[in-house]
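Spelled out, the chains give:
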Amino acid sequence: QVQLVQSGGGLVQAGDSLRLSCTVPGRAFSRRGMGWFRQAPGKERQFVAYSAWNGGSEYADAVKGRFTISRDNAKNTVDLQMNSLKPEDTAVYYCAAGGYRMVTASYDSWGQGTQVTVSS
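Quick caveat: nothing in here was measured; it's all calculated off a predicted structure. (Residues numbered from 1 in each chain as written. Predicted model: local features only at pLDDT ≥ 70, side-chain atom pairs only at ≥ 80, totals over all residues. Heavy atoms only, no water.)

Engineer: What is the right way to read the sheet that holds strand 1 (residues 5-7) from this model?
Structural biologist: Across a sheet, paired strands are connected by hydrogen bonds in the backbone, their directions being either parallel or antiparallel. What the four strands build is an open sheet, ordered 1-3-8-7; its pairing is antiparallel. Strands at the two margins of the open sheet, each flanked by one partner only, are strand 1 and strand 7 (67-72). Pairwise comparison of adjacent strand axes, ignoring direction, gives a mean angle of 15° for this sheet. Inspection of the sheet shows strand 3 (residues 18-23) paired to strand 8 (residues 77-82) by six bridges, in the antiparallel sense. Each residue of the ladder has a partner; that of Arg-19, found in strand 8, is Gln-81. (Pairing = 2+ DSSP bridges. Helix = DSSP H or I, 4+ residues; strand = E, 2+ residues; numbered from the N terminus. Axes fitted to C-alpha atoms, helices over the stretch in contact; angles between N-to-C directions.)

Here is the structure:
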């Protein structure tokens, strides 16, 4: 299992924007499903966004219209653009590779996680 490398995150105010990035080492990036998940203190890890290899995507209801997942197959990266951030978005965010939609157990590689904190 290969660990993904994440960057981004930080402390922002409500209404601000933030962009997270994830680099996928190894081969066959363009045909791997990619996901973003988040976990708040004391809670279960929660699905955020999914990107299929062909560009299709889906989002959790809580982030629809505010978050956008994108991928650059030439650079082997996947990003999460987060706009209009709310305090309830505060969590550790994880990228994941090789899975399907919101099925956590289907992903075979995970990033180290990055903290996003949104103040009111």
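Engineer: Honestly, the pairing of strand 9 (residues 91-97) in this entry has me stumped. Any pointers?
Structural biologist: Both faces of the sheet carry side chains from a regular strand, because those side chains alternate between them. Counting buried residues in strand 9 gives six out of seven residues, a clear majority hidden from the surface. Summarising the sheet, strand 9 and strand 11 (residues 114-119) pair through three bridges and their orientation is antiparallel. Along strand 11, the bridge assignment pairs Tyr-93 with Thr-114. (Buried < 20%, exposed > 50% of the residue type's maximum accessible area, 1.4 Å probe, protein only.)

Engineer: Mind showing me how you'd approach unusual backbone geometry here?
Structural biologist: For residues that are not glycine, phi is negative in most cases, and the peptide bond is trans in most cases. Here Asn-76, not a glycine, exhibits a phi torsion of approximately 60°, which is positive. With respect to the helices and strands, Asn-76 occurs in the loop between strand 7 and strand 8. Not every positive phi belongs to a glycine, and Arg-101 is a case in point at roughly 55°. Here Arg-101 lies in the loop between strand 9 and strand 10 (109-110). What makes Arg-101 partly exposed here is its relative accessible area of 33%.

Engineer: What is the right way to look at the pattern of salt bridges in this model?
Structural biologist: Scanning the entire structure with this criterion turns up five salt bridges. Where Asp-79 meets Arg-19, a salt bridge forms, and the shortest distance between an N and an O atom there is 3.1 Å. Remark: Arg-19 occurs in strand 3 and Asp-79 occurs in strand 8; sequence separation between them is 60 residues. Taking relative accessible area as the criterion, Arg-19 reaches 40% and is therefore assigned partly exposed. (Salt bridge = Lys/Arg side-chain N within 4 Å of Asp/Glu carboxyl O.)

Engineer: Looking at this structure, I do not really get the state of the cysteines. What am I missing?
Structural biologist: Put plainly, two cysteines are in a disulfide when a covalent bond ties their sulfur atoms together. Counted according to the given criterion, the structure contains one disulfide. Covalently, Cys-22 is tied to Cys-95 through a disulfide, its sulfur atoms 2.1 Å apart. The chirality of the disulfide connecting Cys-22 with Cys-95 is right-handed, given an S-S dihedral of about 65°. Placement of Cys-22 in strand 3 and of Cys-95 in strand 9 is noted, with a sequence separation of 73 residues between them. Of the two residues examined, Cys-22 and Cys-95, each falls in the buried class. (Disulfide = S-S within 2.5 Å.)

Engineer: Explain the environment of Glu-58 here, please?
Structural biologist: Checked against the element boundaries, Glu-58 lands in strand 6 (residues 57-59). Sequence-distant contacts of Glu-58, that is, excluding residues within four places in its chain, are made with Phe-47, Val-48, Ala-49, Tyr-50, Arg-101 and Met-102. (Contact = heavy atoms within 4.5 Å.)

Engineer: Looking at this structure, I do not really get the packing of aromatic side chains. What am I missing?
Structural biologist: Two numbers describe a pair of aromatic rings. These are the distance of the centres and the angle of the planes. Tallying each qualifying case throughout the model produces five aromatic pairs. Each ring, one from Phe-37 and one from Phe-47, has its centre 5.8 Å from the other, and the planes form 75°; the classification is edge-to-face. Residue Phe-37 is found in strand 4 (residues 34-39), and its partner Phe-47 is found in strand 5 (residues 46-51); the two are separated by ten residues along the sequence. Here the two residues Phe-37 and Phe-47 agree in accessibility, since each one is buried. A ring pair is formed by Tyr-50 and Tyr-100, whose centres lie 6.2 Å apart and whose planes are at 70°; its orientation type is edge-to-face. One end of the pair, Tyr-50, is in strand 5; the other, Tyr-100, is in the loop between strand 9 and strand 10, with 50 residues separating them in the sequence. For Tyr-50, a relative accessible area of 9% corresponds to the buried category. Taken together, the ring pairs in this structure connect Phe-37, Phe-47, Tyr-107 and Trp-110 into an aromatic cluster. Looking at Arg-45, its charged tip hangs above the ring of Trp-110, at a distance of 5.0 Å from the centre. (Phe/Tyr/Trp six-rings, centres within 6.5 Å; stacked < 30°, edge-to-face > 60°. Lys NZ or Arg CZ within 6 Å of the ring centre and 35° of its normal.)

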